[in-house]
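Chain by chain, the residues run as shown.
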Amino acid sequence: MTVESTAARTSRRSAGSKAGTTGPKRTPRATAKRAGEPELVQLLTPEGKRVKNAEYDKYIDAITPGELRGLYRDMVLTRRFDAEATALQRQGELGLWASLLGQEAAQIGSGRALRDDDYVFPTYREHGVAWCRGVDPTNLLGMFRGVNHGGWDPNSNNFHLYTIVIGSQTLHATGYAMGVAMDGADSAVIAYFGDGASSQGDVAESFTFSAVYNAPVVFFCQNNQWAISEPTEKQTRVPLYQRAQGFGFPGVRVDGNDVLASLAVTKWALERARSGEGPTLVEAYTYRMGAHTTSDDPSRYRGDEERQAWEAKDPILRLRRYLEAGNHTDEGFFAELEAESEALGRRVREVVRAMPDPDRFAIFENVYADGHALVDEERARFAAYQASFADAEEV
């Protein structure tokens, strides 16, 4: 059994229109899931079983065992880096951290679908995509420590600086993609955002402009089920991918815990963009296993049983089962990867602890060109507050 996406139905209706009118191309169909689960594109089940899909298989049929191991390595090392960053924040080395735990497959799959000349506009959680783009993971941490605004040159890796303002990067991506098209380049642009950001006006405006100007952009929404404490059902009356229909371009929902499906669907969407067929919305249906950020307590708004149900769909365990069942690797590979993972953790700790402490008073600078009485008062109050800790230490 298969289920058509919104774009497929649009194309089918357009086919019956008057002669000479060309409707949008049909979107490959999604795979029907088990009872009670949403229809989405899935190529690898939680048990590690390969699911055939006549329309998406061609995007991964040529994948080698070495490339499969590479995807597994990417996910494992990204998760290790993420865990270390979370621990460093708990130890006071970082001011904040936004974990990607559980979203590794969506990020690594889509990140590995990109060409070098494609351009990425991330949010603040795309640590796996940054890894795929060759950004040193330690460069991601300066902003969260408060010592810089981003530790890498965006043009070196075609990976833009992290964006904290929710949804604004979709506008940046759309404008950049319009420029790419005007320059006559055949590269594509991808914008990452979450289910919560999909409610922002910036995202709707991006959809409008990209559709009207046929911009070569892929909107990659990681639906991790929770916009901080708000569940997806309080964000939308329809599945997120169906929103694309109202703007006139395809929307596809993919199993975001399936790295092969994420890779295949993103490749398809990027090829559409490069060939002049315009934007695509990809909804990666996944789950945020941890807190929204380290300032959040998810136990206040969701139950353990929900997390446990998603733990059974773990993206890393899923690919490991597939590798083992197909004899695509051996215990030596896993042992070497474990050692590499620990080495990465040590390097991250060393680099962060060698960073300077943030300037606590920098927040008061450059607010007004000539100073301001209120800012001066706030600076003085903050200085007194800081000094109170020194008095406590002396006692």
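Thresholds applied
Residues numbered from 1 in each chain as written. Predicted model: local features only at pLDDT ≥ 70, side-chain atom pairs only at ≥ 80, totals over all residues. Heavy atoms only, no water. Helix = DSSP H or I, 4+ residues; strand = E, 2+ residues; numbered from the N terminus. Buried < 20%, exposed > 50% of the residue type's maximum accessible area, 1.4 Å probe, protein only. Contact = heavy atoms within 4.5 Å. Areas by Shrake-Rupley, 256 points an atom, 1.4 Å probe, with all protein chains shown as cover. pLDDT = per-residue confidence, 0-100. Axes fitted to C-alpha atoms, helices over the stretch in contact; angles between N-to-C directions. Left-handed = near helix turned anticlockwise from the far one by under 90°. Nonpolar A, V, L, I, M, F, W, Y, C, P; charged D, E, K, R; others polar. Core = buried A, V, L, I, M, F, W, Y, C linked by side-chain atoms within 4.5 Å. Salt bridge = Lys/Arg side-chain N within 4 Å of Asp/Glu carboxyl O.

Engineer: Whenever I open this one, the overall build of the protein confuses me. Can you help?
Structural biologist: Secondary structure summary: the protein contains 14 helices and 9 strands in total. Per-residue burial over the protein gives 50% buried out of 395 residues. The long-range fraction of contacts in the protein, counting pairs at least 24 apart against all pairs at least 6 apart in sequence, stands at 72%. For the protein, the accessible area works out to roughly 18,400 Å², and carbon and sulfur atoms hold 51% of it.

Engineer: Help me understand unusual backbone geometry in this model?
Structural biologist: Note on backbone geometry: most residues besides glycine have negative phi, and most peptide bonds are trans. With a phi close to 50°, Asn-214 is a non-glycine residue in the positive phi region. With respect to the element layout, Asn-214 can be found in the loop between α8 (201-212) and β5 (217-223). You will see that Ile-228, though not glycine, has its phi angle at about 55°, which is positive. Within the secondary structure, Ile-228 is located in the loop between β6 (226-227) and β7 (230-231). A residue is classified by how much of its surface remains accessible, and Ile-228, at 40% relative accessible area, is partly exposed.

Engineer: Sorry, what's going on with the confidence of the model for the protein here?
Structural biologist: Atomic detail in the predicted coordinates should be set aside for any region of low pLDDT. Mean pLDDT for the protein: 91, with 89% of residues reaching 70 or above. Note on residues 1-24: pLDDT under 50 across the span, and 31 contacts to partners over four residues away in sequence or across chains.

Engineer: Whenever I open this one, the packing of helix α2 (residues 65-90) against helix α13 (residues 331-354) confuses me. Can you help?
Structural biologist: Packed helices, taken two at a time, are described by their axes: the angle between them and the distance between them. Across the interface, α2 lies against α13 with an axial gap of 9 Å and an inter-helix angle of 35°. Helix-helix and strand crossings are classified by hand; for α2 and α13 the assignment is right-handed. Across from Arg-69, Tyr-72, Arg-73, Val-76, Leu-77, Arg-80, Phe-81, Glu-84 and Leu-88 in α2, the residues of α13 making contact are Phe-333, Phe-334, Leu-337, Glu-340, Ser-341, Glu-342, Leu-344, Gly-345, Val-348, Arg-349, Val-352 and Arg-353. Its residues placed into classes, the contact of α2 with α13 shows 11 nonpolar, 2 polar and 8 charged.

Engineer: Could you clarify how one ought to interpret the nonpolar core in this entry?
Structural biologist: For soluble globular proteins, nonpolar side chains are generally found buried alongside one another. Core analysis: the largest hydrophobic core is formed by 66 residues, its most contacted members being Tyr-72, Leu-141, Leu-260 and Leu-319. Looking at this core element by element, the count peaks at 10 residues for helix α10 (residues 259-274). Sequence-distant contacts of Tyr-72, defined by excluding residues within four places in its chain, comprise Ile-316, Leu-319, Arg-320, Leu-323, Phe-333, Phe-334 and Leu-337. Judged by nonpolar contacts, the second largest core, of 20 residues, contains Phe-121, Val-180, Cys-221 and Ala-244.

Engineer: Would you mind showing me how to read the pattern of salt bridges here?
Structural biologist: Tallied over the full model, the rule gives 23 salt bridges. Across the pair Arg-288 and Asp-296 runs a salt bridge, and its minimum N-O distance is 3.6 Å. Classification of Arg-288 as buried rests on a relative accessible area of 0%. The salt bridge involving Arg-320 is made with Glu-324; its shortest N-O contact spans 3.0 Å. Within this pair, Arg-320 and its partner Glu-324 are both found in helix α12 (residues 315-325), separated by 4 residues, close to a single helical turn.

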